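The lines below spell out each chain.
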Amino acid sequence: MKKEVTIVGVSGYGGGELVRLLARHPDIKLVQALGDTHAGQPLSSAFAGLHGSEVGTLICEPKTSKVRGEIVFLAQDNGYSSGVAGTLLAEGRTVIDLAADFRLKDTEAWEKFYKLPVPEESVREKAVYGLPERHREQIRGARLMANPGCNATAAILALAPLIEAGVLENSPVIVDVKAAVSGAGRAKSDAPYRFSERNESVVPYNVGGVHRHIAEITQEAGVTPTFVPHLIPMSRGIVATCYAPLKNKSSLESLYEVWKRAYASEPFVIVRDSGDWPTTKDTLGSNYCHLSATVDPSTGLVVLISVLDNLGKGASGAAVQNMNVALGFEETAGLEGAGIWP
């Protein structure tokens, strides 16, 4: 029998991508979509592409509605999940949180970067950082998963195994990210996100060590980088270019050996040859992360390229992957398929 799923915050970009992925999942059924913006209306009113599909006829309900799904995806702003996750867990449900509420183990880091009340400790201690490539065994059977941030995912997948293996120095490390506008969410309406402001323009934001994903990178990769994201005029995609010094007598060949060993059995991480540079189009609409690297001979710095879809492996795709691992489904279920190209 299929597991029943509820999405809270269905009308945003993350919620919409969850609907698309879960609609083709063989082991679950979306039974409830909660979101005040389109309450009382069919899902197709929020996402016109669902017209003609069975899931498009599902009527959206207010967020205050009683949750019915055995599995709950929380696709709300930071701070919301802290107030509801404990109750959902007490009711015996499995919770995948796409916000940041349970990502950080360090209370000081949470207060510094998010400036929100600290989530209840008894709930926080149940949360697993939801990056299967790093925490698959902890995710198996878990009932509260903290989905990683999109930029953090790209950086961690590139850096973490290399730092752990002693291939890279952990300082200085620079992470330069180009991120699509959808990463800011559907509700954004201020000037930097308007087409006329963003088109044919690139803008750095949260410069100077204040971006929230720095804390995740520090926690998961064991390195605190200089991190500068840039908003680019495209709908979906992330390119993270990471720079770091090689350690001792490490080489590009030893770097690739570590990556290939770390990701040999991973279904969604593609290690590409040096010089075979991935593009955002390669991962569009997919749950894949593509990696490639080289060494700059003039500086001796290694250059790591990590590319993913911010709504796929950076958000909703990762959430579905977490659900699959936690509940013992096939890990790739609902996530099959390469990037859409061209």
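These numbers were taken from a predicted model, which means no experiment stands behind them.

Draft legend 1. Structural view of the overall build of the protein chain. Looking only at helices and strands, the protein chain features 12 helices and 14 strands. For 342 residues, the compact-globule formula gives about 20 Å, and the C-alpha radius of gyration of the protein chain, at 20 Å, lands near that figure. With the C-alpha coordinates of the protein chain rotated into their principal frame, the extents come out at 60 × 45 × 40 Å. Burial statistics for the protein chain: of 342 residues in total, 55% are counted as buried. Summarising the internal contacts of the protein chain: among those between residues at least 6 apart in sequence, 69% fall at separations of at least 24. Here the protein chain displays about 14600 Å² of accessible surface, and carbon together with sulfur accounts for 52% of that area. Each charge class in the protein chain was averaged separately, 33 positive and 38 negative side chains, and the resulting centres sit 2 Å apart.

Draft legend 2. Looking closely at the sheet that holds strand 11 (residues 238–245). Taking strand neighbours across the sheet as the criterion, the seven strands line up as 9-10-8-11-14-13-12 in an open arrangement whose pairing is mixed. Edge strands, defined here as strands with exactly one partner in the open sheet, are strand 9 (203–204) and strand 12 (269–271). Pairing of strand 13 (residues 289–295) with strand 14 (residues 301–308) involves seven bridges; the strand directions are antiparallel. The partner of serine 292 across the bridge, within strand 14, is isoleucine 305. Along the sheet face, helix 7 (residues 150–164) touches strand 8 (174–180), strand 10 (226–232), strand 11, strand 12, strand 13 and strand 14 and points at about 140° away from the line of strand 14.

Draft legend 3. Layout of the nonpolar core. One finds Leu159, Leu168, Leu255, Trp259 and Leu304 to be the most contacted residues of the largest nonpolar core, which totals 49 residues. Every element with two or more residues in this core is listed here: helix 4 (107–114), helix 7, strand 8, helix 9 (213–221), strand 11, helix 10 (252–263), strand 13 and strand 14. In terms of residue count, the dominant contributor to this core is helix 7 (11 residues). Dropping the residues within four chain positions of it, leucine 159 is found in contact with Leu168, Val173, Val175, Ala221, Val223, Cys242 and Leu304. Leu21, Ala33, Leu98 and Val325 belong to the second largest nonpolar core, which has 35 residues in total.

Draft legend 4. Molecular detail of helix 9. Burial runs high along helix 9: seven of the nine residues are buried. For helix 9, the set of buried residues is His213, Ile214, Ala215, Glu216, Ile217, Glu220 and Ala221. Residues of helix 9 that are buried make contact with helix 4, strand 6 (128–129), helix 6 (132–139), helix 7 and strand 10.

Draft legend 5. A look at the packing of aromatic side chains. In total, this model carries three aromatic pairs according to the counting rule given. Between the aromatic rings of tryptophan 110 and tyrosine 114, the centroid separation amounts to 4.5 Å while the plane-to-plane angle is 20°, which identifies the pairing as stacked. Here tyrosine 114 and tryptophan 110 lie together in helix 4, a separation of four residues that amounts to about one turn. Like tryptophan 110, the residue tyrosine 114 is buried in the burial classification. The interplanar angle of 80° and the centroid separation of 5.7 Å between the aromatic rings of tyrosine 256 and tryptophan 259 together place this pair among those described as edge-to-face. With tyrosine 256 and tryptophan 259 both in helix 10 and three residues apart, this pair spans about one turn of that helix. Both residues of the pair, tyrosine 256 and tryptophan 259, belong to the buried class.

Draft legend 6. Spatial organisation of the pairing of strand 10. When you tally the buried positions in strand 10, you get six out of seven residues, the bulk of the element. One ladder, built from seven bridges, connects strand 8 with strand 10; its direction is parallel. If you follow lysine 178 over to strand 10, its bridge partner there is histidine 230.

Draft legend 7. Structural context of the environment of glycine 314. As for its placement among the helices and strands, glycine 314 is situated in helix 12 (residues 312–327). Residue glycine 314 is classed as buried on the basis of its relative accessible area of 5%. Sequence separation between glycine 314 and glycine 52 is 262 residues, and the spatial gap between their C-alpha atoms is 28 Å.

Draft legend 8. Layout of the pattern of salt bridges. Counted under the stated rule, the structure contains 16 salt bridges. Between arginine 236 and glutamate 17 there is a salt bridge whose closest N-O contact spans 2.8 Å. With a gap of 219 residues between them, arginine 236 in the loop between strand 10 and strand 11 and glutamate 17 in helix 1 (residues 13–22) connect regions that are remote in the sequence. Comparing arginine 236 with glutamate 17, the two get one shared label, buried. The salt bridge partner of glutamate 61 is arginine 68, with a shortest N-O separation of 3.1 Å.

Reading guide: rules and limits
- Residues numbered from 1 in each chain as written.
- Predicted model: local features only at pLDDT ≥ 70, side-chain atom pairs only at ≥ 80, totals over all residues.
- Heavy atoms only, no water.
- Helix = DSSP H or I, 4+ residues; strand = E, 2+ residues; numbered from the N terminus.
- Rg over C-alpha atoms; globule rule 2.2 N^0.38 Å.
- Buried < 20%, exposed > 50% of the residue type's maximum accessible area, 1.4 Å probe, protein only.
- Contact = heavy atoms within 4.5 Å.
- Areas by Shrake-Rupley, 256 points an atom, 1.4 Å probe, with all protein chains shown as cover.
- Lys, Arg positive; Asp, Glu negative; His and termini not counted.
- Charge placed at Lys NZ, Arg CZ, Asp CG, Glu CD.
- Pairing = 2+ DSSP bridges.
- Axes fitted to C-alpha atoms, helices over the stretch in contact; angles between N-to-C directions.
- Core = buried A, V, L, I, M, F, W, Y, C linked by side-chain atoms within 4.5 Å.
- Phe/Tyr/Trp six-rings, centres within 6.5 Å; stacked < 30°, edge-to-face > 60°.
- Salt bridge = Lys/Arg side-chain N within 4 Å of Asp/Glu carboxyl O.

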